[in-house]
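# Fold and contact review
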Amino acid sequence: MPVEVSRARALALRTRLLAAMLAPMLGIAVLLGLAGATLIADVVRRTNDRVLGGALGAIAETVQVERGEVTMDLPAAAFGMLENSERDNVYYRIAVGERLLTGYADLSAPRIADLAIDAPRFRYASYRDQPIRIAEMRRSLPRIDRPVIVQVAETLDGRHALQRRLLVALLLGEVLLVGVAMLLIRPALGWSLRPLARLRGSVAARDTRATPDLSPLETGPLPVELRPLAEAFDHLLARLDTATAGIRRFTADASHQMRTPLAVLKVQVALARRGDPAALGEIADAADRLERLVTQLLALARAEEAGTSPPREQVDLREVVIAVINRRITQAIEADVEIHLEATDGEVVIASHRTLLFEILSNLVDNAIRYHRRGGMVAIAITEAEGAVTLTVADNGAGLPDVDLRQLGQRFVRLATSAGQEGSGLGLAIVRSAVQRLGGRIEFANTRPGLCVTMSFGADAARSRDVDVP
């Protein structure tokens, strides 16, 4: 039954991109708002302090000394400077030392020592339960031993109103900016994601076809960020196409090759039912041939399995060769063929796959014995040079014509020299595929007399140790 793969729900890519773009924009807007609010407060304070200081200077200039007494004439223009639409209250106080000359006696008086001469100072205070801003100055008049303190104050309603208007304007500007950005970002995202939609459409179009289409995607030019995805998908399609083609080829070959032994079995079963005693022997032989064919088909499928190479392990090649010889020794004796092994006494260890190596050698030795003349010899040699390992399987038979030599290793190819011998033409195909999976190289050559199969495994796969084999 099909297995359902559960996937956690994730945000849409458009939503993620929109959030990724708007979040920094909103953060910057907040920072600009805070910086703008601070700047507005400073500008409003400086502007109004300049007006308040001007009124203070105008009043202070009227303070004079006549006949030893401090006199003054409050100018109306000085108070007119402080008029605004919010009708802020204006207060003043002029004192000679601690003695009030004119103005509001309860206005907050400064410490005389804190004031510099003819230099205005500004400070916040509270008067009549209202926050006020005070501008104050210390003057030194001739023939007057006490300093003259001039103070002018106003409430802050006008300042606050101006600051609010500027803050509202700043906020509206930021809201308008973010809103326009959101309106422009959405179509921009749609335009930016159009290549991805085209890629998705190219993949989805494959579902509408009757037969699976595993050819590379036709998406047109793609942005650099999507090219690796498209290339990886094309690579996956190519691997899937190779695997599918292998399955189709294996199925077709298996059905074709198994048709003959199955037909023979059916005929022999029919004869056995009629009482033919020889039919049972033919049935047994046909079953053996079918078993061998199925075994070789499975071995070929394993050797041609698509995907990555099998996991490597440290394998003693000499020990594998000895195991194969032990397996085939009875067959060699029955065929009157000698088997010689030429190898050093020490281990020859390579990074390989034991099962595939055994399958390779078993098929080579089986072929060498099966198609050899009686009284012949099969020589297996293991040599090492500069870290690389070479394995050869040679016989002293008649060899092969050059035409047949080029067909060795092809699937289900039966040569003229194999006439009269049982087989399916899969042995050397298994060998070639398995060697390629192990990263090796295989060559077939006539040695006159005989045929030699040479397999080479690179230096990165080989490691020799001079240890005696027990």
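Our subject is the structure listed above.
The following paragraphs examine the structure supplied in this document. (Residues numbered from 1 in each chain as written. Predicted model: local features only at pLDDT ≥ 70, side-chain atom pairs only at ≥ 80, totals over all residues. Heavy atoms only, no water.)

### A short note on the overall build of the protein chain
Scanning the protein chain from terminus to terminus reveals ten helices and 15 strands. Looking at the protein chain as a whole, 36% of its 470 residues qualify as buried. Within the protein chain, counting contacts between residues at least 6 apart in sequence, those at least 24 apart form 66% of the total. As presented, the protein chain carries roughly 28100 Å² of accessible surface, and 57% of it is formed by carbon and sulfur atoms. (Helix = DSSP H or I, 4+ residues; strand = E, 2+ residues; numbered from the N terminus. Buried < 20%, exposed > 50% of the residue type's maximum accessible area, 1.4 Å probe, protein only. Contact = heavy atoms within 4.5 Å. Areas by Shrake-Rupley, 256 points an atom, 1.4 Å probe, with all protein chains shown as cover.)

### Notes on the nonpolar core
Core analysis: the biggest nonpolar cluster contains 35 residues, and Leu357, Ile360, Leu364, Ile380, Leu391 and Met455 have the highest contact counts within it. Only helix 7 (317-334), strand 10 (346-352), helix 8 (354-370), strand 11 (377-385), strand 12 (388-395), helix 10 (427-437), strand 13 (441-446) and strand 14 (451-457) provide two or more residues apiece to this core. Excluding anything up to four places from it in sequence, leucine 364 contacts Val393, Leu428, Val431, Val453 and Met455. (Core = buried A, V, L, I, M, F, W, Y, C linked by side-chain atoms within 4.5 Å.)

### Description of unusual backbone geometry
With phi around 60°, aspartate 118 is a residue other than glycine that occupies positive phi space. Along the polypeptide, aspartate 118 turns up in the loop between strand 4 (99-103) and strand 5 (121-127). The class for aspartate 118 is partly exposed, based on a relative accessible area of 46%. A positive phi angle is found at arginine 128, which is not glycine, with a value near 55°. Summarising the element assignment, arginine 128 is placed in the loop between strand 5 and strand 6 (130-139).

### Focus on the pattern of salt bridges
This structure, assessed with the given rule, holds 14 salt bridges. In this structure, arginine 111 and aspartate 114 form a salt bridge, with 4.0 Å as the shortest nitrogen-oxygen distance. A relative accessible area of 59% means that arginine 111 is categorised as exposed. By relative accessible area, aspartate 114 is classed as partly exposed at 41%. Notably, a salt bridge pairs glutamate 136 with arginine 123, separated by 2.7 Å at the nearest N-O pair. One end of the pair, glutamate 136, is in strand 6; the other, arginine 123, is in strand 5, and 13 residues separate them in sequence. Look at glutamate 136 and you get buried, because its relative accessible area is 0%. (Salt bridge = Lys/Arg side-chain N within 4 Å of Asp/Glu carboxyl O.)

### Thoughts on the packing of aromatic side chains
Under the defined criterion, the tally for this structure stands at four aromatic pairs. Look at tyrosine 91 and tyrosine 127: their rings are 4.8 Å apart centre to centre, the planes differ by 75°, and that puts the pair in the edge-to-face class. Taken as a pair, tyrosine 91 in strand 3 (residues 90-96) and tyrosine 127 in strand 5 lie far apart in primary sequence, 36 residues in all. This pair shows no difference in class: tyrosine 91 is buried, exactly as tyrosine 127 is. Here the aromatic rings of tyrosine 104 and tyrosine 127 are separated by 6.4 Å at their centres, their planes lie at 80°, and the arrangement is edge-to-face. With tyrosine 104 in the loop between strand 4 and strand 5 and tyrosine 127 in strand 5, this residue pair connects regions lying 23 residues apart in the sequence. Members of the aromatic cluster, connected to one another through ring pairs, are Tyr91, Tyr92, Tyr104 and Tyr127. Arginine 133 extends its terminal NZ or CZ atom over the ring of tyrosine 124, reaching a point 4.2 Å from the ring centre. (Phe/Tyr/Trp six-rings, centres within 6.5 Å; stacked < 30°, edge-to-face > 60°. Lys NZ or Arg CZ within 6 Å of the ring centre and 35° of its normal.)

### A closer look at the sheet that holds strand 9 (residues 338-342)
Spatially, five strands are ordered 9-11-12-14-13 in an open sheet, and the strand pairing comes out mixed. In this open sheet, the two edge strands, each paired with only one partner strand, are strand 9 and strand 13. Averaged over all adjacent pairs, the angle separating strand axes in this sheet is 15°, with direction ignored. The sheet contact formed by strand 13 and strand 14 spans six bridges and is antiparallel. Counted as the bridge partner of asparagine 446 is leucine 451 from strand 14. Taken strand by strand, helix 8 contacts strand 9, strand 11, strand 12 and strand 14, and its axis lies near 170° from that of strand 14. (Pairing = 2+ DSSP bridges. Axes fitted to C-alpha atoms, helices over the stretch in contact; angles between N-to-C directions.)

### Here we look at the packing of helix 7 against helix 8
Two elements in contact, helix 7 and helix 8, have axes whose closest approach is 9 Å; the angle formed by their N-to-C orientations is 35°. In terms of crossing hand, the pair formed by helix 7 and helix 8 is right-handed. Packed against helix 7, whose contacting residues are Leu317, Glu319, Val320, Val321, Ala323, Val324, Arg327, Arg328, Gln331 and Ala332, the element helix 8 presents Arg354, Leu357, Phe358, Leu361, Ser362, Val365, Asp366, Ile369 and Arg370 at the interface. Of the residues belonging to the contact of helix 7 with helix 8, the class tally is eleven nonpolar, two polar and six charged. (Left-handed = near helix turned anticlockwise from the far one by under 90°. Nonpolar A, V, L, I, M, F, W, Y, C, P; charged D, E, K, R; others polar.)

### Some thoughts on a negative patch on the surface
A cluster of acidic residues, Asp276, Glu282, Asp285, Asp288 and Glu291, forms a negative patch at the surface. Within the secondary structure, glutamate 291 sits in helix 6 (residues 278-303). (Patch = residues over 30% accessible without salt bridge, like charges linked within 9 Å, V, L, I, M, F, W, Y side chains within 5 Å. Lys, Arg positive; Asp, Glu negative; His and termini not counted. Charge placed at Lys NZ, Arg CZ, Asp CG, Glu CD.)

### Side note on the side chain of arginine 123
We classify arginine 123 as buried; its relative accessible area is 18%. A distance of 2.7 Å separates a polar atom in the side chain of arginine 123 from a polar atom in the side chain of glutamate 136. Residues within four places of arginine 123 in sequence aside, it is in contact with Ser108, Ala109, Pro110, Ile132, Arg133, Ile134, Glu136 and Gln151. (Polar contact = N/O pair within 3.5 Å; in protein donor to acceptor, adjacent residues only side chain to side chain.)

### Some words on the environment of isoleucine 40
Along the polypeptide, isoleucine 40 turns up in helix 1 (residues 13-61). On the accessibility criterion, isoleucine 40 (12% relative accessible area) is buried. Separated by 122 residues in the primary sequence, isoleucine 40 and leucine 162 place their C-alpha atoms 9.2 Å from one another.

### Quick word on the packing of helix 1 against helix 3 (residues 157-192)
Running from amino to carboxyl end, helix 1 crosses helix 3 at an angle of 160°, the nearest separation of the two axes being 9 Å. Relative to helix 3, helix 1 is oriented roughly antiparallel. In this structure, helix 1 meets helix 3 at a crossing whose hand is right-handed. Grouping the constituent residues of the contact of helix 1 with helix 3 by class yields 22 nonpolar, five polar and six charged. (Parallel < 35°, antiparallel > 145°, perpendicular 65-115°, else oblique.)

### Here we look at a nonpolar patch on the surface
A surface patch of nonpolar side chains, amounting to about 310 Å² of accessible area, comprises Val30, Leu31 and Leu34. Tracing the sequence through the fold places valine 30 in helix 1.

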